[in-house]
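# Structural characterization, general
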Amino acid sequence: MRTNLLIYTLLLVFSFQGCKDTTPSCPLNHGDWEYIPHLSDEFNGTTIDRCKWYDFNPGWKGRKPGFFSPQNVKVENGELILTSKTETLDDLPEGYHTFTTAAVQSKSRMLYGYYEIRCKPMKSRCSSAFWFYAVDGDLWTEIDVFEICGKHPQKNYDKKYFATTHILKSPETGDTLKSDHVEWHSKNPLADNYLISALEWRKDSLIWYVNGEVIRKRENTKWHQPLTLNFDSETMPNWFGMPDPNDPKGEYKIDYIRVWRDKNLKMRYQF
């Protein structure tokens, strides 16, 4: 009996020694941050977590002619994968044809925090994007962490990282669009490698990061509306031009989304 008890005790000791805290620590070296598991996802399952995500956009069918198809969203090998491809599905709404793309939207609203993803944009003229937005009556705001065109014969679009803010509607401006963006230029095509993209969203500032480097900072004058978090791929006829229908499909891969909140924020938000 004593021998069995000793063995059991040793097993417990070694078990606890092997247990490590797997909660990711915030990479910022300033502030006091806490990790928010219910807004984060490592995509380690076999299907999308439907408690956290829609595999489509509930309020939008896609940028014509590319249709957001739930069939183009999957979780595989520890990644969320969004696909764009040449196809025309049966019974599509008017104006949608030739291409299907993909969208994933959070079921929770987000506000101030630090949001980080590791991803590999698709090598396609369809976009790869990480962004926030919401439409609430007369208020419609948007923060684009990035929009990337991974393949383009001109303009070096494949090396450009577009970080943008939009006020599409507000009580002060009505329906007048107000936008501004910064283009960060990579030395290499962005779709060639994985990158770490992040947004630090505070009550007084917005800061964009690529691989730990600050690429844009602006005062937060208008972005105080809780927003949905979105990953998507779109056809961009008036910006990137249409994809070649003969091109192979593109895949936008997201390894994780990790979210932290400032512990010292006086106002706490529960979504």
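Up top is the structure.
Described below are features of the structure shown in this document. If you're wondering where the values come from, they're calculated on a predicted model, not measured in any experiment.

Cut-off values and rules
Residues numbered from 1 in each chain as written. Predicted model: local features only at pLDDT ≥ 70, side-chain atom pairs only at ≥ 80, totals over all residues. Heavy atoms only, no water. Helix = DSSP H or I, 4+ residues; strand = E, 2+ residues; numbered from the N terminus. Buried < 20%, exposed > 50% of the residue type's maximum accessible area, 1.4 Å probe, protein only. Contact = heavy atoms within 4.5 Å. Areas by Shrake-Rupley, 256 points an atom, 1.4 Å probe, with all protein chains shown as cover. Lys, Arg positive; Asp, Glu negative; His and termini not counted. Charge placed at Lys NZ, Arg CZ, Asp CG, Glu CD. Core = buried A, V, L, I, M, F, W, Y, C linked by side-chain atoms within 4.5 Å. Polar contact = N/O pair within 3.5 Å; in protein donor to acceptor, adjacent residues only side chain to side chain. Phe/Tyr/Trp six-rings, centres within 6.5 Å; stacked < 30°, edge-to-face > 60°. Lys NZ or Arg CZ within 6 Å of the ring centre and 35° of its normal. Salt bridge = Lys/Arg side-chain N within 4 Å of Asp/Glu carboxyl O. Pairing = 2+ DSSP bridges.

### Thoughts on the overall build of the protein
Assigned secondary structure in the protein consists of one helix and 16 strands. Going through the 271 residues of the protein one by one, you find that 49% of them count as buried. For the protein, long-range pairs separated by at least 24 residues make up 72% of all intrachain contacts whose partners lie at least 6 apart in sequence. Summed over all atoms, the accessible surface of the protein reaches about 14100 Å², with 50% contributed by carbon and sulfur. One way to put it: in the protein the 35 positive side-chain charges average out to a point 3 Å from where the 36 negative ones average out.

### Looking at the nonpolar core
In terms of nonpolar packing, the biggest core is built from 47 residues, with Leu80, Phe130, Phe132, Tyr161, Trp201, Phe231 and Tyr252 touching the most fellow members. One finds Leu28, Tyr114, Ala198 and Ile207 within the second-largest nonpolar core, a separate group that totals nine residues.

### Here's the deal with the side chain of Gln225
Note on placement: Gln225 falls in the loop between strand S14 (213–219) and strand S15 (227–233). Classification of Gln225 by relative accessible area gives buried; the value is 4%. At 2.5 Å, the side chain of Gln225 and the side chain of Thr141 are in polar contact. Residues in contact with Gln225, not counting those within four places in the same chain, are Met110, Leu111, Ala134, Val135, Asp136, Leu139, Trp140, Thr141 and Trp201.

### Some thoughts on the environment of Leu80
Structurally, Leu80 is set in strand S5 (residues 79–86). Excluding its chain neighbours within four sequence positions, the residues that come into contact with Leu80 are Phe43, Ile48, Val73, Lys74, Val75, Val104, Phe231, Tyr252, Lys253 and Ile254.

### Section: the packing of aromatic side chains
Within the structure shown, the criterion is met by 25 aromatic pairs. With a centroid separation of 5.9 Å and 75° between ring planes, the pair formed by Tyr114 and Tyr209 is classed as edge-to-face. In this pair, Tyr114 sits in strand S7 (residues 113–120) while Tyr209 sits in strand S13 (residues 205–210), placing the two residues 95 residues apart along the sequence. Exposure remark for Tyr114: the relative accessible area of 3% places this residue in the buried category. When its relative accessible area of 7% is taken as the criterion, Tyr209 is described as buried. Aromatic ring contacts, followed pair by pair, group Phe43, Trp53, Tyr112, Tyr115, Phe130, Phe132, Phe146, Tyr161, Trp184, Trp201, Phe231 and Tyr252 into a single cluster. The ring of Tyr194 is capped by Arg118, whose NZ or CZ atom sits 4.3 Å from the centre of that ring.

### Considering unusual backbone geometry
The omega torsion of the bond from Lys64 to Pro65 falls at 5°, within 30 degrees of zero and hence cis. Looking at the secondary structure, you find Pro65 in the loop between strand S2 (53–54) and strand S3 (67–68). One non-glycine residue, Thr98, lies in positive phi territory at about 70°. Of note in this structure, Asn211 is not a glycine but carries a positive phi near 50°. By the element assignment, Asn211 lies in the loop between S13 and S14. Judged by relative accessible area, Asn211 falls into the exposed class, the value being 52%.

### Considerations on the pattern of salt bridges
All told, the structure shown has 14 salt bridges when counted by the stated rule. When the shortest N-O distance is used, the salt bridge between Arg258 and Glu42 registers 2.9 Å. One end of the pair, Arg258, is in strand S16 (residues 250–262); the other, Glu42, is in the loop between strand S1 (33–35) and S2, and 216 residues separate them in sequence. Classification of Glu42 as partly exposed rests on a relative accessible area of 26%. The partner of Asp175 in a salt bridge is Lys169, and the shortest N-O contact between them spans 4.0 Å. Note on Asp175: relative accessible area 61%, which makes it exposed. One network of salt bridges, in which partners are shared, links Asp180, Arg216 and Arg218.

### Regarding the pairing of S15
Here is the key point about a regular strand: its side chains alternate between the two faces of the sheet. When you tally the buried positions in S15, you get seven out of seven residues, the bulk of the element. Summarising the sheet, strand S6 (residues 99–110) and S15 pair through six bridges and their orientation is antiparallel. Bridging across to S15, Met110 finds its partner in Leu227. Note that strand S8 (residues 128–136) and S15 share five bridges and pair antiparallel. Looking at the pairing, Ala129 lines up with Asp232 of S15.

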